[in-house]
Amino acid sequence: AQKITQTQPGMFVQEKEAVTLDCTYDTSDPSYGLFWYKQPSSGEMIFLIYQGSYDQQNATEGRYSLNFQKARKSANLVISASQLGDSAMYFCALSGGYQKVTFGTGTKLQVIP
Amino acid sequence: NAGVTQTPKFRILKIGQSMTLQCTQDMNHNYMYWYRQDPGMGLKLIYYSVGAGITDKGEVPNGYNVSRSTTEDFPLRLELAAPSQTSVYFCASILKGVNTEAFFGQGTRLTVV
């Protein structure tokens, strides 16, 4: 079985500051992938970043970076220089055996001007 | 390139009615998924498929059925709709061997009254 956990229901961050959204996972599969998605109030799912379990370096995409600590089974999302448009729900997801993709419960991020 | 297309976008059903949510992708993706998202919650996996003719249950399959007769289509069937099935339904797909992003449809907002 695979499990993904997001323990922060809501977060606030000041505009232009950095913020870290936590994600921990559990899987027995030796090969897996971790995703982060953004869901604004309009409802669509927007892909942000991906990390493979065998990737040696942490993934980065513009202002987004994934702090992957394999031994601790954590895959935290770091957003640098927060913008008002970053206010949204953020979901962490795990792709494990048979490509079953499981999502966490999400973190609601609010950026304060 | 249309990506993942879901129809309808909105639907109101009466208790006990049946309907099929359509999902089509034109990216030749092997893996397809159905999720439901209740208000303020994360995505829960209903069913998924790793290829034509192969489907498997996710976390919350009760009350739903799926089929995958072609690579492109992955319809979700609701039999005997219940108020508990009021939710937003998302279809997603991933290309086998290139697990860097799950592509999502725009969602179907279903209300059962």
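For the structure, see preceding data.
Residues numbered from 1 in each chain as written. Chains lettered and ligands numbered in written order. Predicted model: local features only at pLDDT ≥ 70, side-chain atom pairs only at ≥ 80, totals over all residues. Heavy atoms only, no water.

Participant: Looking at this structure, I do not really get the interface of chain A and chain B. What am I missing?
Facilitator: Frequently, the measure chosen for interface size is the accessible area removed from exposure when the parts meet. Between chain A and chain B, the contact holds 17 residues from the first and 20 residues from the second. When the buried surface of chain A facing chain B is broken down by residue, Gln99, Lys100 and Phe103 of chain A rank first, second and third, together holding 31% of it. On the surface where chain A and chain B come into contact, there are 3 residue pairs in polar contact (both at pLDDT 80 or more). Among the elements of the structure, strand S5 (33-39), strand S6 (46-52) and strand S11 (101-103) of chain A are those that each provide at least two residues to the side of chain A that touches chain B. Considering only residue class, the side of chain A that touches chain B consists of 9 nonpolar, 6 polar and 2 charged. (Contact = heavy atoms within 4.5 Å. Buried area = accessible area lost by both parts, 1.4 Å probe. Polar contact = N/O pair within 3.5 Å; in protein donor to acceptor, adjacent residues only side chain to side chain. Helix = DSSP H or I, 4+ residues; strand = E, 2+ residues; numbered from the N terminus. Nonpolar A, V, L, I, M, F, W, Y, C, P; charged D, E, K, R; others polar.)

Participant: I would appreciate a short explanation of the nonpolar core in the present structure.
Facilitator: General note: in soluble globular proteins, nonpolar side chains tend to be found buried as a group. Judged by nonpolar contacts, the single largest core of 24 residues is most densely connected at Leu34, Trp36, Ile49, Leu77, Tyr90 and Leu109 of chain A. Looking at this core, the elements that each hand over two or more residues are strand S3 (19-21), S5, S6, strand S8 (64-69), strand S9 (74-79), strand S10 (88-95) and strand S12 (107-112) of chain A. For this core, the leading source of residues is S10 of chain A, giving 4 residues. Membership of the second largest hydrophobic core comes to 21 residues, among which are Val101 of chain A together with Tyr31, Tyr35 and Ala92 of chain B. (Core = buried A, V, L, I, M, F, W, Y, C linked by side-chain atoms within 4.5 Å. Buried < 20%, exposed > 50% of the residue type's maximum accessible area, 1.4 Å probe, protein only.)

Participant: What's the story with the sheet that holds strand S1 (residues 4-7) of chain B in this structure? I'm lost.
Facilitator: Whether parallel or antiparallel, the strands of a sheet pair through hydrogen bonds between backbone atoms. Residues and elements named next belong to chain B. Read across the open sheet, the 4 strands follow the order S1-S3-S8-S7; overall the sheet is antiparallel. The open sheet terminates on both sides in strands that have one partner only, identified here as S1 and strand S7 (64-66). Going from strand to strand, the sheet's axes swing by 20° on average, the running direction of each strand aside. Where S1 meets strand S3 (residues 19-25), 4 bridges bridge the pair, whose relative direction is antiparallel. (Pairing = 2+ DSSP bridges. Axes fitted to C-alpha atoms, helices over the stretch in contact; angles between N-to-C directions.)

Participant: Help me understand the pairing of strand S6 (residues 54-57) of chain B in this model?
Facilitator: When a strand is regular, its side chains alternate between the sheet's two faces. All names here are of chain B. Relative to S6, strand S5 (residues 43-51) is paired through 3 bridges, and the arrangement is antiparallel. By the bridge assignment for S6, Tyr47 is matched with Lys57. Adjacent in sequence and paired antiparallel, S5 and S6 are bridged by 2 residues, among which Gly53 carries a positive phi angle near 85°.

Participant: Just to check I follow, could you spell out the side chain of Ser49 of chain B for this structure?
Facilitator: Turning to its location among the elements, Ser49 of chain B is positioned in strand S5. Reaching out from Ser49 of chain B, the side chain makes a polar contact with the side chain of Arg68 of chain B at a distance of 2.7 Å.

Participant: What is the right way to look at the state of the cysteines in this model?
Facilitator: Here is the idea: a disulfide is a covalent bond, and it sits between the sulfur atoms of two cysteines. Residue and element names in this part refer to chain A. Per the stated rule, a full pass over the model turns up 2 disulfides over all chains. What pairs with Cys23 in a disulfide is Cys92, and their sulfur atoms sit 2.0 Å apart. Every disulfide takes its handedness from the sign of the S-S torsion; for Cys23 and Cys92 that torsion is -70°, giving left-handed. Note that Cys23 is positioned in the loop between S3 and strand S4 (24-26) and Cys92 in strand S10, a separation of 69 residues in sequence. (Disulfide = S-S within 2.5 Å.)

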